[in-house]
Amino acid sequence: MTVDEAWDHIEDWLRANAPATHAELPPPAGADEIRAAQDAIGCAFPAELTAPARPGTTGRAGSFSRPFTGSTTPA
């Protein structure tokens, strides 16, 4: 299972079973936010987790973008 497939699975489950929680998911983090998170913890994230969304996807950036959106501390 790829990272995108895992997020799709999580989002599908939330949409069906916890719609309020699904609605609370933040948008993808931008490159600056991802860089700030990497700097804050002192290591680079794998490219698979930080790659921009591909055309035809939900517009989500790499999987680690959600937990770090708006903060340099994981949610």
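Look a little higher up for the structure.
Attention here is on the structure that accompanies the text.

Definitions and limits used
- Residues numbered from 1 in each chain as written.
- Predicted model: local features only at pLDDT ≥ 70, side-chain atom pairs only at ≥ 80, totals over all residues.
- Heavy atoms only, no water.
- Helix = DSSP H or I, 4+ residues; strand = E, 2+ residues; numbered from the N terminus.
- Buried < 20%, exposed > 50% of the residue type's maximum accessible area, 1.4 Å probe, protein only.
- Contact = heavy atoms within 4.5 Å.
- Expected span 1.5 Å × (residues − 1).
- Arc of directions from axis to C-beta.

Attention shifts here to the overall build of the protein. Along its length, the protein carries five helices and zero strands. For the protein, the N- to C-terminal ordering of α and β elements is α-α-α-α-α. Considering the protein as a whole, with its 75 residues, one finds that 27% of them fall into the buried category. Expressed as a percentage of contacts within the protein between residues at least 6 apart in sequence, the contacts between residues at least 24 apart total 55%.

What follows is about helix α1 (residues 3-17). Over its 15 residues, α1 extends 21 Å from the first C-alpha to the last, a length consistent with the 21 Å expected when each residue adds 1.5 Å. Here α1 has its buried residues at Val3, Asp4, Trp7, Glu11 and Leu14. Down the axis of α1, the buried side of the element spans an arc of 95°, and every buried residue falls inside it. With respect to the buried face of α1, the exposed residues turned more than 90 degrees away are His9 and Ala16.

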